[in-house]
Amino acid sequence: MRTNTSRQSIAAVRNLGILAHVDAGKTTVTERMLFLAGAIHKRGEVHDGTTVTDFDAQERERGITIFAAAVACEWNAHRLTVIDTPGHVDFSDEVERSLRVLDGAVAVFDAVAGVEPQSESVWRRADRYGVPRIAFVNKMDRAGADFADAVRSIRARLHPAALAVQLPIGAEDGFTGVVDLLGMRALVWTAGTLTAGPIPAELADRARQLRRELEEAVAERHSGALEELYARPQLTRAATAASVIDSARADAGSARVGAGSPADLRGESGADDSRFDRHAVVGGGSGHPETAAALSDTTLATALRELTLSGEVVPVLCGAAYRDIGVEPLLDAIVDFLPSPLDRPPARGEWECGEPGDCVIAPDPAQRLVALVFKVQGVGSARRTFLRVYAGTLSKGDVVLDVLGNRSERIGRILRVQADRHTEIEQAVAGDIVAVIGPKSARAGATLCPPEAQVLLEPPAVTEPVVSVALEAKASADVERLTTALTRLVDEDPSLVVRTDPESGQTLLSGLGELHLEVAVEKIRRERGIAVTVGRPQVAYRESVVRGVAGLRYRHAKQSGGPGQFADLVLDVEPLDPAADFEFESTVTGGRVPPEYVRAVEAGCRDALASGPLGGHPVIGLRVRLTDGATHPVDSSERAFRIAARQAVREALQGSALQLLEPTVELTVTAPEDDIGAVLGDLAARRGRVTESAVHGGTAVVTAIAPLAEIFGYATRLRSRTHGRGAFATRPLGYAPAPAG
């Protein structure tokens, strides 16, 4: 398979993720996209366990996405690489690693629930990486679905400029399509067939209003649109919008488009600008009834694209993916509004071979290779390494350097992945997301590049584990096999941590939640055939300083016949907010402690904070200040100052007042209104503090803050309290003081 390395081909690439709260329907959206694009020939269903991206046995049994899965398809001469990400909070690091290498994203929302806890969590992660997004309000056919409410919740909680790009036709069971407000026409789906026609008379006035509001919302943020808006002749709103509708009706006629055939939706010409001429965008904003100055369709859509790429606006579409409604316009919007690798700012890295300044990495196949590993997957005895090529060309047989691990790796095979299937290719170029076979030790976050041009890219952030379980092989013959299995598990999922408890000698597996650990343990049982005993989950506590000490002097002097050790330092320890980490600063003047020894002091402080005096938990929420010190001309060294700092901080902590901190979560419970009393009583018994409650159509939604330790087993208790009709979701909040005793 030949790889086109032209700049034009890179412009036709879209690397995007599908983000959502669990059960918002993102896997169904992905499945329908693949079907309509012709990548698959039969639609799978989540409840049947037949979707392409949920290929793991545990995903099919549990009915949720656990592992990020990459798939590819083509739409209107553009290649889309789509990563279907998990929606459950316990697997949020899979989302983090995916977002690190994506250019854009589609955020899927439930039309009834709107913004949910994990919706907000993944949105903030996308903010951190500056990923442009479009939103898709799914499940418009559900009872209680409200497009306007969903858009309002996005504006209130996620982005103030969420510009709804469509107007729904019908509601709940009567939802049949959308109004395309750029082309000013109706798109209606009947038994999988899309019909484009005139806007229904009962929606015409609303469509005119929203068209005008969109123009104003875009013009407020885009100078080119603003200039055209007020340069055109001023007409009455009714005359302008009526003219647009009449023109659209003449164009649309009774054109019919079969499912999966986008030709009539996308206009006659293949030029870049022409693809906007028949798309719709609706914006929020205040209108001026007395005048209207319609923007051209091309100006409006071009401005919207530029604003989406800059993150200033988020276009919002709607549909019902399960009933095949609204997916074709979503695919069009992905192509039209989300960026190609050329539209994103160049990646930046640090030179590791002595060259000065940062390395700016342009997406050019002719440049030196720079690639970032974001996922490792074990497939039988093989190891599949997923990576994003940021620059250069990667060919089969190349030998590259893993800069993070300082090890050479050979690329044996390059794969274009379709979930659990693949097609082998000869090379990958800048902008490609592929999997490779060959690297033996490159982990997520590793940068691959030529040995003569070493560059280090920023790796994805890894969330610190908050829950641990003790693991033990039931058969003594499996002890070594369990160790090997755990090593491979951590290799595939960096958010898992394996350690040995120093007191009990037990092997502890730590992760992001109860379900995260359940899935990991089940994977060991199924894939390795190892029977294990699992202890009760334990949360990760922290210790924090409430009252510190000032002017603590510590002298480390050791003489053993050879070169001695000497370090003298004075420290202050003071509390910070419990949510803060550790801060270090030096106010030493006059060179009494040289800079290289100051760095050693900071390292010694961090060593000491790994285990606090209350219970051996890590210490956070404090500042250590080095105020004075002294050195010896012969016996002082970095090692001596590191030892002195470690001992000094331990002594300071013994003299400070400390408190125990426990991890907390925001808990969102949905239950029938009749059962709300039982739910609130149970939350109170779990030390939950209710922060918000509301009732919508007989369903109560309660938001509370509770200790993570009290949430273990809550799913079973909630089902019994609500007769199987309750559900809940959690979002990590951080740490809070634990009760005494």
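Here, every reference points to the structure presented above.
Keep in mind that this is a model prediction, so the values were computed, not measured.

Participant: Could you give an account of the pairing of strand β2 (residues 69-75), with specific residues and numbers?
Facilitator: Counting buried positions along β2 gives six out of seven residues, so the element sits mostly inside the fold. By the bridge criterion, seven bridges tie β2 to strand β3 (residues 78-84) in an arrangement that is antiparallel. Bridge assignment links Ala72 to a residue of β3, and that residue is Thr81.

Participant: Give a description of the sheet that holds strand β19 (residues 407-410) that names residues and reports values.
Facilitator: Reading across from one edge, β19-β18-β24-β15-β16-β23-β20-β21 is the order of the eight strands in this open sheet, with antiparallel pairing throughout. The open sheet is flanked by β19 and β21 (421-425), the only strands paired with a single partner. Between one strand axis and the next, the sheet turns by 40° as a mean value, whatever way the strands run. Where strand β20 (residues 413-418) and β21 come together, five bridges link them in antiparallel fashion. Its bridge partner lying in β21, Arg416 is registered against Thr423.

Participant: Go over the pairing of strand β8 (residues 177-180) with me, naming the residues and quoting the values.
Facilitator: Relative to β8, strand β7 (residues 166-169) runs antiparallel, the two sharing four bridges. Along β8, the bridge assignment pairs Leu167 with Val179. Bridge analysis of β8 against strand β9 (residues 185-190) gives four bridges, and the strand direction is antiparallel. For Asp180, the partnering residue across the bridge sits in β9 and is Arg185. Taking the residues that link successive antiparallel strands as the turn, the β8-β9 hairpin has four residues, and the phi of Met184 there is positive, at about 50°.

Participant: Describe the side chain of Ser544, with residues and values.
Facilitator: Tracing the chain through its elements places Ser544 in strand β31 (residues 542-547). With relative accessibility at 0%, the residue Ser544 sits in the buried group. A distance of 3.4 Å separates the side chain of Ser544 from the backbone oxygen of Ile620, its partner in a polar contact. Each residue touching Ser544, except ones within four places of it in the same chain, is listed here: Pro578, Ile620, Gly621, Ala657, Leu658, Gln659 and Leu661.

What counts, and at which threshold
Residues numbered from 1 in each chain as written. Predicted model: local features only at pLDDT ≥ 70, side-chain atom pairs only at ≥ 80, totals over all residues. Heavy atoms only, no water. Buried < 20%, exposed > 50% of the residue type's maximum accessible area, 1.4 Å probe, protein only. Helix = DSSP H or I, 4+ residues; strand = E, 2+ residues; numbered from the N terminus. Pairing = 2+ DSSP bridges. Axes fitted to C-alpha atoms, helices over the stretch in contact; angles between N-to-C directions. Polar contact = N/O pair within 3.5 Å; in protein donor to acceptor, adjacent residues only side chain to side chain. Contact = heavy atoms within 4.5 Å.

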